[in-house]
Amino acid sequence: MKSNEIKEAALKFFTIHGYEGASLSLIAEEVGMKKQSIYAHFKGKDDLFLQVLRDAKETELSSKLQYFSEIDSQSPEKDLYGFLQLVIDLFQKNEQLKFWLRMSFFPPAHLAKAIEKEVIDIEEKVQAILESKFQDWINAKLIVEDAAITPTYAFLGVVDSILLELVYGNDEKRLKDKLTASWKVFWRGISQK
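**Considerations on the packing of helix H4 (residues 45-70) against helix H6 (residues 95-105)**
- The geometry of H4 relative to H6 is characterised by a closest axis approach of 9 Å and an angle of 110° between their N-to-C directions. When the axes of H4 and H6 are compared, the pair comes out roughly perpendicular. As H4 runs across H6, the sense of the crossing is left-handed. Along the contact surface, H4 presents Phe 49, Val 52, Leu 53, Asp 55, Ala 56, Lys 57, Thr 59 and Glu 60, while H6 presents Gln 96, Leu 97, Phe 99, Trp 100 and Met 103.
- Across the contact of H4 with H6, the residue classes tally to 8 nonpolar, 2 polar and 3 charged.

**So, the packing of aromatic side chains**
- A full pass over the atoms with the stated rule returns 19 aromatic pairs.
- Taking 4.9 Å as the distance between ring centres and 80° as the angle between the ring planes, the aromatic pair formed by Phe 14 and Phe 49 counts as edge-to-face. Of this pair, Phe 14 sits in helix H1 (residues 2-21) while Phe 49 sits in helix H4, placing them 35 residues apart in sequence. As far as the burial class goes, Phe 14 and Phe 49 line up, both buried.
- Between the aromatic rings of Tyr 19 and Phe 49, the centroid separation amounts to 5.3 Å while the plane-to-plane angle is 85°, which identifies the pairing as edge-to-face. Of this pair, Tyr 19 sits in helix H1 while Phe 49 sits in helix H4; the two residues are 30 residues apart in sequence, bridging distant segments of the chain. For the pair Tyr 19 and Phe 49, a shared accessibility class is recorded, and that class is buried.
- An aromatic cluster is built from Tyr 67, Phe 68, Tyr 81, Phe 83, Phe 134, Trp 137, Phe 155, Trp 183, Phe 186 and Trp 187, whose rings are joined through pairwise contacts.
- A cation over a ring is seen here: Lys 45 above Tyr 19, with NZ or CZ 4.4 Å from the ring centre.

Thresholds, definitions, all that
Residues numbered from 1 in each chain as written. Predicted model: local features only at pLDDT ≥ 70, side-chain atom pairs only at ≥ 80, totals over all residues. Heavy atoms only, no water. Axes fitted to C-alpha atoms, helices over the stretch in contact; angles between N-to-C directions. Helix = DSSP H or I, 4+ residues; strand = E, 2+ residues; numbered from the N terminus. Parallel < 35°, antiparallel > 145°, perpendicular 65-115°, else oblique. Left-handed = near helix turned anticlockwise from the far one by under 90°. Contact = heavy atoms within 4.5 Å. Nonpolar A, V, L, I, M, F, W, Y, C, P; charged D, E, K, R; others polar. Phe/Tyr/Trp six-rings, centres within 6.5 Å; stacked < 30°, edge-to-face > 60°. Buried < 20%, exposed > 50% of the residue type's maximum accessible area, 1.4 Å probe, protein only. Lys NZ or Arg CZ within 6 Å of the ring centre and 35° of its normal.

Nothing here speaks to function; it is all geometry.
Okay, structure coming up:
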């Protein structure tokens, strides 16, 4: 239980202050322990940071897997647009995912390679799920396309555009406008018309 409390406090401090600004002393104080006691649960600040990051990654992945397991797959327009809404909701409302998003764009320099590996891992898993869905929709003649990889990459481009807006933008109208425009062009390109 104490490990989870430490990770919750670390998430708070890493999200607010970044890696450099979050100290083990502050994290320990937040959970009512001495700094040295953290070492009974984690090897050090890097280990704690990476465990908090991997927990956030798993939260994102499980949310996306759950979404795809619950859709009916007969309405790609509804399902894909719903996925974009899910992405926005996850990264606006979930503190773990705000942290994950920020750190994937702005990793501590000495942990950049480890974080890049985690980002690529989740990207490959989400891409595989999407590619499978697109192939099902192509086979069912619900969308127009020859190979599933093309709409998968195009859709991931829309997702990346939204994520970039979530990281750098602070304007709800711009986010909504970008989503609407990107979606309109994307859907027009693959729909049966």
